[in-house]
Amino acid sequence: MPRYLTEEQRNQKRELLLKAAADLFQTKSYSDITMRELCAAAGIGLGTFFDYFPKKEALFTELIRQNYARWFAKERDWLDAQQVISYHQFKEHLINVVSRTVKEDRFFVRLMMLVSRFGYPSLVREPNTYSETYHMVMVLVEAKTDFCTAAQAREVYTFAHAAVTGYFHFLHHAMLINGESADIEDQLNQAVSCFLDGYFLPQADKEDTYV
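This structure is a prediction, so every number in the text was calculated from the model and none was measured.

Colleague: Before we go on, may I ask you to explain the environment of Asn-128 in this structure?
Modeller: Structurally, the position occupied by Asn-128 is in the loop between α5 (106–118) and α6 (129–144). Here Asn-128 falls in the buried class, since its relative accessible area comes to 10%. Sequence spacing of Asn-128 and Glu-62 is 66 residues, and the spatial spacing of their C-alpha atoms is 9.5 Å.

The structure is reproduced here in structure tokens:
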């Protein structure tokens, strides 16, 4: 007789596949990871993979969602702890967040770079922990500042995403040519700073900033 799994057992096996994907992605590229490797690392039969995910992309999409949810949960917690956030406080925070992400969370950055491959809509196709946390961050930014709407916050965090992934492309290029990262991190911080100033500051303040 076939053995039917409880919902808890199914969730456990699903989590084993996600852990296997995370472990393999530490040392291999997405393209180099095979379904056979994933199933072997998770300890499940190859034929049962499709009971949990329709394809490899769906597995990694969920892994990306989980890590984005974790990243935005930290943003939510920081925003929750503030009373009123000034422009310069928000700017300093975002520069620090981007810098810390590229230096301390390279696994997440590599996952971020997969988003352009899968397409952002796949991450928010249905309600999930990531989309809910993301929405809460946008609402909090609007509520805690007097200069940024939720719609503007979405553009700011989209730019932060592009800055992080762009940094890694440039870093790889610099390492290939010069054997070192040179001053790319300073350029990253300046890019975030210039974007925010150009987006939010009145023209007179911009001129003072760039003198």
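Colleague: Just checking my understanding: could you explain the packing of helix α4 (residues 87–104) against helix α8 (residues 184–200) for this structure?
Modeller: The relative placement of two packed helices comes down to the angle between their axes together with the axis-to-axis distance. The geometry of α4 relative to α8 is characterised by a closest axis approach of 10 Å and an angle of 150° between their N-to-C directions. Remark: the crossing between α4 and α8 carries right-handed chirality. From α4, Tyr-87, Lys-91, Leu-94, Ile-95, Val-98, Ser-99, Val-102 and Lys-103 reach across to α8, where they touch Glu-185, Leu-188, Asn-189, Val-192, Ser-193, Leu-196, Asp-197 and Phe-200.

Colleague: How do you make sense of the pattern of salt bridges when you look at a structure like this?
Modeller: Two side chains that carry opposite charge are able to pair once their charged atoms sit near each other. Enumeration according to the criterion identifies 6 salt bridges in this entry. In this structure, Glu-62 and Arg-65 form a salt bridge, with 3.3 Å as the shortest nitrogen-oxygen distance. Of the two residues, Glu-62 and Arg-65 both sit in helix α3 (residues 56–81), 3 residues apart, roughly one turn of that helix. Take Glu-62 and Arg-65: they sit in the same class, and that class is buried. Note that Arg-70 and Asp-105 form a salt bridge whose closest N and O atoms lie 3.1 Å from each other. Taken together, the positions of Arg-70 in helix α3 and Asp-105 in the loop between α4 and α5 put the pair 35 residues apart, joining distant regions of the chain.

Colleague: Sorry if this is basic, but what is going on with the nonpolar core here?
Modeller: Where a protein is soluble and globular, its nonpolar side chains tend to be buried together. Ranked by internal contacts, the top residues of the largest apolar core, which has 65 residues, are Leu-59, Phe-60, Tyr-68, Phe-72 and Tyr-157. Taken together, the elements giving at least two residues each to this core come down to α1 (7–25), α2 (35–42), α3, α4, α5, α6, α7 (150–178) and α8. Ignoring any residue separated from it by four or fewer positions in sequence, one finds Leu-59 in contact with Leu-17, Leu-18, Ala-21, Leu-38, Phe-49 and Phe-53.

Colleague: What should I look at first to understand the packing of aromatic side chains in this one?
Modeller: Think of a pair of aromatic rings as described by two things: how far the centres are apart, and how the planes are tilted against each other in angle. Per the counting criterion, the structure on display carries 22 aromatic pairs. Aromatic side chains Tyr-87 and Phe-147 sit 5.5 Å apart centroid to centroid with 85° between the ring planes, which places their arrangement in the edge-to-face category. One end of the pair, Tyr-87, is in helix α4; the other, Phe-147, is in the loop between α6 and α7, and 60 residues separate them in sequence. For the pair Tyr-87 and Phe-147, a shared accessibility class is recorded, and that class is buried. With 5.6 Å between their ring centres and 10° between their planes, Phe-195 and Tyr-199 make a pair best called stacked. With Phe-195 and Tyr-199 both in helix α8 and 4 residues apart, the pair spans about one turn of that helix. Tyr-199 sits in the partly exposed class, given a relative accessible area of 28%.

Parameters at a glance
Residues numbered from 1 in each chain as written. Predicted model: local features only at pLDDT ≥ 70, side-chain atom pairs only at ≥ 80, totals over all residues. Heavy atoms only, no water. Helix = DSSP H or I, 4+ residues; strand = E, 2+ residues; numbered from the N terminus. Buried < 20%, exposed > 50% of the residue type's maximum accessible area, 1.4 Å probe, protein only. Axes fitted to C-alpha atoms, helices over the stretch in contact; angles between N-to-C directions. Left-handed = near helix turned anticlockwise from the far one by under 90°. Contact = heavy atoms within 4.5 Å. Salt bridge = Lys/Arg side-chain N within 4 Å of Asp/Glu carboxyl O. Core = buried A, V, L, I, M, F, W, Y, C linked by side-chain atoms within 4.5 Å. Phe/Tyr/Trp six-rings, centres within 6.5 Å; stacked < 30°, edge-to-face > 60°.

What is shown is where atoms sit, not what they do.
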